[in-house]
Amino acid sequence: MSEEQGAGLIGEPRIRLPDRARAGEVVQVRTLVAHPMETGYRITTNGETVPRRIIERFRCRYDGRLILDAELRPAMAANPYLEFRFVADRSGELVFEWIEDTGARRRVRRRLEVDEA
Amino acid sequence: MRFSRRRLLEAAGAGLVIAVLPRALRADDLEAVFGRLFGDRRPEDGGVILQVSSLVESGNSVAVTVRADPDRPRPRHLHLVMPRNPTPWGLSVELQAPAVPELATRVRLAGTQNLTAIAEWDDGSLGATAVSVMVTRGACIDENFEQWVR
């Protein structure tokens with residue numbers, strides 16, 4: 001489960017990542033989080049502008065090191081999907097964090113065990 | 001030579017394509033974004049690999065993969081620019097070792113345009129690759145008549 005600090009519209013993230021890897025192995029991470037990524041450009045049938053509300057930041061720390069820091073903008077599709085890879089060099093905790101433009105955020109922690117080659 | 005109805009339609013179709021293309025491929029849209037993101041710096045061609053379908057039915061969610069050219073030193077940032085979106089600067093990501101300098105995601109495209117990926121190195125140099133993506137139905141034009149407003 002994720003930690004919430006007032007999660008805003010950020011849904012429960014889904015993360016695919018192995019629990020174990022060999023040292024030097026390239027590990028794939030796939031993340032998906034429910035969020036409308038409201039652009040601020042949409043107008044309802046009543047003529048009202050739907051206010052902008054986006055996840056503006058996604059970060060991943062691996063054993064304390066910031067390995068990915070993404071700035072997201074309205075051109076990102078709803079329910080932001082981000083897929084990346086990293087070299088598993090040591091056991092440690094991966095911390096994934098999504099931050100909404102309201103300051104609301106969600107954080108998910110996952111442990112990766114790396115077997116020495 | 002007599003003009004058949006078919007030939008006339010073909011000619012009209014060709015005219016339409018010529019009329020639409022310059023708008024889709026206009027470079028000055030990109031200039032404004034480059035100015036905002038990079039100041040006076042402008043990217044050279046290449047240094048980054050962009051994978052995206054050249055024809056998509058819906059602009060609401062378009063799968064994109066950006067990766068650094070493995071034959072060049074590792075860039076610090078990767079950027080994605082959608083020149084014809086209302087907010088053309090779409091994504092910036094900083095990837096540091098041991099992360100591999102690549103990212104796959106899904107973006108919105110307001111219409112047919114040259115999706116552009118940019119790599120940025122520590123010394124400030126830039127490399128860009130553009131792929132023309134034809135979008136049958138742009139993002140955010142949905143069944144509720146909600147629409148983009150510029």
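Residues numbered from 1 in each chain as written. Chains lettered and ligands numbered in written order. Predicted model: local features only at pLDDT ≥ 70, side-chain atom pairs only at ≥ 80, totals over all residues. Heavy atoms only, no water.

Colleague: Residues and numbers for the side chain of Thr 31 of chain A, please.
Modeller: Residues and elements named next belong to chain A. Mapped onto the elements of the fold, Thr 31 is located in strand 4 (residues 26-32). For Thr 31, a relative accessible area of 1% corresponds to the buried category. In contact with Thr 31, other than residues within four places in its own chain, are Arg 14, Ile 15, Phe 58, Pro 80, Tyr 81, Leu 82, Phe 96 and Trp 98. (Helix = DSSP H or I, 4+ residues; strand = E, 2+ residues; numbered from the N terminus. Buried < 20%, exposed > 50% of the residue type's maximum accessible area, 1.4 Å probe, protein only. Contact = heavy atoms within 4.5 Å.)

Colleague: Would you mind going over the pattern of salt bridges in detail, with residue names and values included?
Modeller: All names here are of chain B. Going through the model one piece at a time under the given rule, you end up with 20 salt bridges over all chains. Across the pair Glu 102 and Arg 67 runs a salt bridge, and its minimum N-O distance is 3.3 Å. Taken together, the positions of Glu 102 in strand 7 (residues 102-107) and Arg 67 in strand 4 (residues 62-68) put the pair 35 residues apart, joining distant regions of the chain. Of the residues examined, Glu 102 reaches a relative accessible area of 10% and is grouped as buried. Residue Arg 67 is classed as partly exposed on the basis of its relative accessible area, which comes to 26%. (Salt bridge = Lys/Arg side-chain N within 4 Å of Asp/Glu carboxyl O.)

Colleague: Run through the sheet that holds strand 4 of chain B, naming residues and quoting values.
Modeller: If you walk across this open sheet you meet the 6 strands as 2(A)-4(A)-7(A)-7(B)-4(B)-2(B), and the pairing is antiparallel. What marks the edges here is a single partner per strand, and that holds for strand 2 (14-16) of chain A together with strand 2 (48-52) of chain B. Across the sheet, the mean angle separating the axes of adjacent strands is 15 degrees when strand polarity is ignored. (Pairing = 2+ DSSP bridges. Axes fitted to C-alpha atoms, helices over the stretch in contact; angles between N-to-C directions.)

Colleague: Could you give an account of the nonpolar core, naming the residues involved and the relevant values?
Modeller: One finds Leu 68, Phe 84, Phe 86 and Phe 96 of chain A together with Leu 80 of chain B to be the most contacted residues of the largest nonpolar core, which totals 53 residues. For Phe 84 of chain A, the residues in contact, after removing those within four places along its chain, are Val 27, Gln 28, Val 29, Phe 58, Cys 60, Ile 67, Leu 68 and Phe 96 of chain A together with Glu 102 and Leu 103 of chain B. Counting residues in each nonpolar core, the second largest holds 10 residues, with Leu 30, Val 33, Phe 38 and Leu 126 of chain B among its members. (Core = buried A, V, L, I, M, F, W, Y, C linked by side-chain atoms within 4.5 Å.)

Colleague: Describe in detail the packing of aromatic side chains, supporting the description with residues and values.
Modeller: Residue and element names in this part refer to chain A. Counting across every chain of the model gives 5 aromatic pairs over all chains. Judged by centre distance (5.0 Å) and plane angle (45 degrees), the rings of Phe 58 and Trp 98 are tilted. Taken as a pair, Phe 58 in strand 5 (residues 55-62) and Trp 98 in strand 8 (residues 92-100) lie far apart in primary sequence, 40 residues in all. Accessibility expressed as a relative area gives 0% for Phe 58, which makes it buried. Judged by relative accessible area, Trp 98 falls into the buried class, the value being 0%. Between the aromatic rings of Tyr 62 and Phe 86, the centroid separation amounts to 4.7 Å while the plane-to-plane angle is 50 degrees, which identifies the pairing as tilted. Of the two residues, Tyr 62 sits in strand 5 while Phe 86 sits in strand 7 (residues 81-87), which places them 24 residues apart along the sequence. Ring pairs connect the aromatic residues Phe 58, Phe 84, Phe 96 and Trp 98, which therefore count as one cluster. Taking the ring centre of Tyr 62 as reference, the NZ or CZ of Arg 65 above it sits at 4.8 Å. (Phe/Tyr/Trp six-rings, centres within 6.5 Å; stacked < 30°, edge-to-face > 60°. Lys NZ or Arg CZ within 6 Å of the ring centre and 35° of its normal.)

Colleague: Give a description of the pairing of strand 7 of chain B that names residues and reports values.
Modeller: Sheet faces and side chains relate simply in a regular strand, where the side chains alternate between the two faces. For strand 7 of chain B, a buried count of 5 out of 6 residues is recorded, marking the element as mostly surrounded by other parts of the structure. The sheet contact formed by strand 7 of chain A and strand 7 of chain B spans 2 bridges and is antiparallel. The partner of Leu 82 of chain A across the bridge, within strand 7 of chain B, is Thr 105 of chain B. One ladder, built from 6 bridges, connects strand 4 of chain B with strand 7 of chain B; its direction is antiparallel. Looking at the pairing, Thr 65 of chain B lines up with Ala 104 of chain B of strand 7 of chain B.

Colleague: Can you tell me about the interface of chain B and chain A, naming the residues and giving the values?
Modeller: Each side of the interface is counted separately: chain B has 33 residues, and chain A has 33 residues. In total, chain B and chain A occlude about 2,800 Å² of area from one another, counting both sides; carbon and sulfur atoms represent 55% of this. Considering only the surface of chain B that becomes buried against chain A, Pro 98, Arg 106 and Arg 108 of chain B emerge as the three largest contributors, covering 23% of it. Inspection of the region where chain B meets chain A yields 1 salt bridge. Measuring nitrogen to oxygen at the nearest pair gives 2.9 Å for the salt bridge that ties Glu 102 of chain B to Arg 85 of chain A. Broken down by secondary-structure element, the contributors of at least two residues to the side of chain B that touches chain A are strand 6 (89-95) and strand 7 of chain B. (Buried area = accessible area lost by both parts, 1.4 Å probe.)

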